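# Notes for the structure review
As a plain string of letters, each chain reads:
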Amino acid sequence: MDRAVALTGFMGVGMGGSMPAAAAAASLVLFAPSRSSSSPRTLRRPSLLPLRRATVAPSRPRIPRLVAVRANVAIEKETPEEERPETFLRAADGHHGAASASVRARFERMIREVQDEVCAAIEAADGGGKFKEDVWSRPGGGGGISRVLQDGGVWEKAGVNVSVVYGVMPPEAYRAAKGEAVSGNGNSSVKAGPVPFFAAGISSVLHPKNPFAPTLHFNYRYFETDATKDAPGAPRQWWFGGGTDFTPAYIFEEDVKHFHRVQKEACDKFDPSFYPRFKKWCDDYFFIKHRGERRGLGGIFFDDLNDYDQEMLLAFSTECARSVVRAYVPIIERRKDTPFTEQHKAWQQLRRGRYVEFNLVYDRGTTFGLKTGGRIESILVSLPLTARWEYDHKPEEGSEEWKLLDACINPKEWI
């Protein structure tokens, strides 16, 4: 969730946390940390450096992220629906005629197909649990589908959400998102009116019951400003973001290597620099600063991606999203019935506590939703049903729990 970061989570789930579609789309633009900001302080290794693009443009000054900017994003109130519509797009962007070939239309079709694929795989692995579905729309276009399976046979809580959002942001938010320079008196040298925008994405967090089965989070999103082409101060822009990350309580190297191998295979189909670049970005983003450790064992994460051909990035995002089932479900099938003790469960709940800390303290999607009065059930749907905190807990050195913690403090190259 760098510049366009917060359509993560449950529309969000911050690649981390979650929020309603409206807040998610708004924060997608508004949470825009600099590439060099919040480089985490690390334990027993050199400090992490900010991620750089394969081709680097000169760095640009950043505009501070102001609450006043975040508060002025206009999105219509959602309305519950009884049935899923064919599309949440406005007529001009819809699934008929020339509009059906637009990036907006193809991205919406992709995320809805992936939602169906992932939900079917999760229900099959559960062996009995079914997703509850909520559908909503907005009068001016847009809407979403939230699906949650809770307290099933395998899943403690699993959420898979899609959302399409139309809204308007002030020019200050646009410039903050894009990192444009400001004049010496702190005001932009170019004036612009409100900037219409479009955002669509899929986001999911899957929490299994068995402590030997890992949690998974994934999110893929597309964003466009809808201003008149080359409007002063706010030219039309688009970008992609997303990622898939892996959060086990116990390390099985074959599982971690399988997960990362699938991420690398998806990346290598498009650019061999993607996997190492996006793996490091993932390790940097999911850092719990007050603990000095990562939330899990990483994966891939990217944002504000528009320095490649648009069709290529659409295909790349599609490939990554369609890789989720083969990266994750075989691991669940191997681990879901593994016998475990109360001690194993307690450790899982301690690690779930770390998940909660990251989402509520650092995930920009979650914090934005909480500050802007979004729908609380959507904002917090990424959180597990159970978590645990113990005072000054330290696993015994050399134990399986210690190995997991060490890997979260000192990221590894798994493949």
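See the structure above.
Attention here is on the structure that accompanies the text. (Residues numbered from 1 in each chain as written. Predicted model: local features only at pLDDT ≥ 70, side-chain atom pairs only at ≥ 80, totals over all residues. Heavy atoms only, no water.)

### Concerning the pattern of salt bridges
Opposite charge on two side chains permits them to pair, given that their charged atoms come into close proximity. Tallied over the entire structure, the rule returns 32 salt bridges. Residue K264 is joined to D268 by a salt bridge in which the shortest nitrogen-to-oxygen separation is 2.5 Å. On the criterion of helical spacing, the pair formed by K264 and D268 is a turn pair, its members being four residues apart in helix α6 (residues 253-268). For K264, a relative accessible area of 32% puts it in the partly exposed group. K336 is paired through a salt bridge with E333; the nearest N and O atoms lie 3.1 Å apart. (Salt bridge = Lys/Arg side-chain N within 4 Å of Asp/Glu carboxyl O. Helix = DSSP H or I, 4+ residues; strand = E, 2+ residues; numbered from the N terminus. Buried < 20%, exposed > 50% of the residue type's maximum accessible area, 1.4 Å probe, protein only.)

### Notes on the state of the cysteines
Inspection of every chain in the model, using the stated rule, returns zero disulfides. Of the cysteine sulfurs around C267, a residue in no disulfide, the closest is that of C320, at 5.1 Å. (Disulfide = S-S within 2.5 Å.)

### Describing unusual backbone geometry
Note: most residues except glycine have negative phi, and most peptide bonds are trans. One non-glycine residue, D151, lies in the positive phi region at around 55°. Following the sequence through the fold, D151 ends up in the loop between β3 (143-150) and β4 (155-169). Residue classification places D151 among the exposed residues on the basis of a relative accessible area of 54%. At D304, a residue that is not glycine, the phi angle is positive and equals roughly 55°.

### Concerning the nonpolar core
If you look at the biggest cluster of nonpolar residues, it comprises 76 residues, and the most contacted ones within it are W155, F218 and L297. No other element matches helix α4 (residues 103-126), which puts 10 residues into this core. Setting aside its immediate chain neighbours within four residues, F218 contacts V114, V118, V160, I202, S203, S204, G243, T244 and V324. (Core = buried A, V, L, I, M, F, W, Y, C linked by side-chain atoms within 4.5 Å. Contact = heavy atoms within 4.5 Å.)

### Quick look at the packing of aromatic side chains
Per the stated rule, a full pass over the model turns up 27 aromatic pairs. Ring centres of Y222 and F240 lie 4.7 Å apart, and the angle between their planes is 45°; on these two criteria the pair is classed as tilted. With Y222 in strand β6 (residues 215-225) and F240 in strand β7 (residues 238-247), this residue pair connects regions lying 18 residues apart in the sequence. You can call Y222 buried: its relative accessible area is 0%. Directly above the aromatic system of Y166 lies the positively charged group of R90, at a separation of 4.0 Å from the ring centroid. For the cation-ring pair, R295 lies above Y355, with the distance from its terminal atom to the ring centre recorded as 4.0 Å. (Phe/Tyr/Trp six-rings, centres within 6.5 Å; stacked < 30°, edge-to-face > 60°. Lys NZ or Arg CZ within 6 Å of the ring centre and 35° of its normal.)

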